[in-house]
Amino acid sequence: MDVLIHVFVALHIIGIGALLGGFLTQMKAMGAGTARFTPAMLHGALTMLVTGVALVGLNQADDQTVNNIKIGVKLAVLVVILGLVYVKRDEERIDKGLFGAVGGLTTANIFIATLWV
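1. Some remarks on the pattern of salt bridges
According to the stated counting rule, one finds 1 salt bridge in the structure shown. A salt bridge links Glu 91 to Lys 88; the nearest nitrogen and oxygen atoms lie 3.4 Å apart. What makes Glu 91 partly exposed here is its relative accessible area of 34%.

What follows is the structure, encoded as structure tokens:
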């Protein structure tokens, strides 16, 4: 079970990498007002959602304690990110504030995951 959990953790990290990487590659375009949500950002967010749900289930099945409040907060932040990216995925230009919000929420989700004990 531990190997399976570690595989899903790795996939979860790949998802966050795709989401944050997609944001970071658009930073210059955001300054110019031409930023857009890339397919990598959408796929990264979806990967995080699927692997996160799987991780909660696997950890509970392995009788490990899960901080449900932390998971709920992370899920809520991810749903907001996913909703914004999904709805605006086909637009040629995204407002700087909205694009920055996705980056900020993504960063906040990383800090919640790592700093909330």
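2. What to know about the packing of aromatic side chains
Counting across every chain of the model gives 2 aromatic pairs. Consider the rings of Phe 23 and Phe 99, whose centres lie 5.1 Å apart with planes at 25°: the pair is stacked. Linking Phe 23 in helix α1 (residues 2–25) with Phe 99 in helix α5 (residues 96–115), this pair joins segments that are 76 residues apart in sequence. With a relative accessible area of 9%, Phe 23 lands in the buried category.

3. Notes on helix α3 (residues 39–61)
Taking 1.5 Å per residue, 23 residues should reach 33 Å; α3 reaches 33 Å between its end C-alpha atoms and fits that length. Within α3 the residues assigned to the buried category are Met 41, Leu 42, Gly 44, Ala 45, Met 48, Thr 51, Leu 55, Val 56, Leu 58 and Asn 59. Looking one or two residues beyond α3, the residue adopting positive phi is Asp 63, at roughly 60°.

4. What about the packing of α1 against α3?
Between α1 and α3, whose axes approach to 8 Å, the crossing angle comes to 155°. Taken together, the axes of α1 and α3 are roughly antiparallel relative to one another. In terms of crossing hand, the pair formed by α1 and α3 is left-handed. Contact with α1, carried on its side by Leu 4, Ile 5, Phe 8, Val 9, Leu 11, His 12, Gly 15, Ile 16, Ala 18, Leu 19, Gly 22 and Phe 23, involves Ala 40, Met 41, Gly 44, Ala 45, Thr 47, Met 48, Thr 51, Gly 52, Ala 54, Leu 55, Leu 58 and Asn 59 of α3 and no other residues of that element.

5. Some words on α1
Relative to the 34 Å expected for 24 residues at 1.5 Å per residue, α1 spans 34 Å between its end C-alpha atoms, a close match to the ideal helical length. By the burial criterion, the buried members of α1 are Ile 5, His 12, Gly 15, Ile 16, Leu 19, Gly 22 and Phe 23. Of the surrounding secondary structure, the elements contacted by the buried residues of α1 are α2 (27–32), α3, α4 (68–87) and α5.

6. What about a nonpolar patch on the surface?
A surface patch of nonpolar side chains, about 360 Å² in accessible area, is lined by Val 3, Val 7, Leu 11 and Ile 14. Among the structural elements, Leu 11 can be located in helix α1.

7. Observations regarding the nonpolar core
A general trend in soluble globular proteins is that nonpolar side chains are found buried together. Leu 19, Phe 37, Met 41, Ile 81, Val 85, Phe 99 and Val 102 are the most contacted members of the largest nonpolar core, which totals 20 residues. No other element matches the 5 residues that α4 contributes to this core. Excluding residues within four positions of it along the chain, Phe 99 makes contact with Phe 23, Gln 26, Met 30, Ala 35, Arg 36, Phe 37, Met 41 and Ile 94.

The rules behind these values
Residues numbered from 1 in each chain as written. Predicted model: local features only at pLDDT ≥ 70, side-chain atom pairs only at ≥ 80, totals over all residues. Heavy atoms only, no water. Salt bridge = Lys/Arg side-chain N within 4 Å of Asp/Glu carboxyl O. Buried < 20%, exposed > 50% of the residue type's maximum accessible area, 1.4 Å probe, protein only. Phe/Tyr/Trp six-rings, centres within 6.5 Å; stacked < 30°, edge-to-face > 60°. Helix = DSSP H or I, 4+ residues; strand = E, 2+ residues; numbered from the N terminus. Expected span 1.5 Å × (residues − 1). Axes fitted to C-alpha atoms, helices over the stretch in contact; angles between N-to-C directions. Parallel < 35°, antiparallel > 145°, perpendicular 65-115°, else oblique. Left-handed = near helix turned anticlockwise from the far one by under 90°. Contact = heavy atoms within 4.5 Å. Patch = residues over 30% accessible without salt bridge, like charges linked within 9 Å, V, L, I, M, F, W, Y side chains within 5 Å. Areas by Shrake-Rupley, 256 points an atom, 1.4 Å probe, with all protein chains shown as cover. Core = buried A, V, L, I, M, F, W, Y, C linked by side-chain atoms within 4.5 Å.

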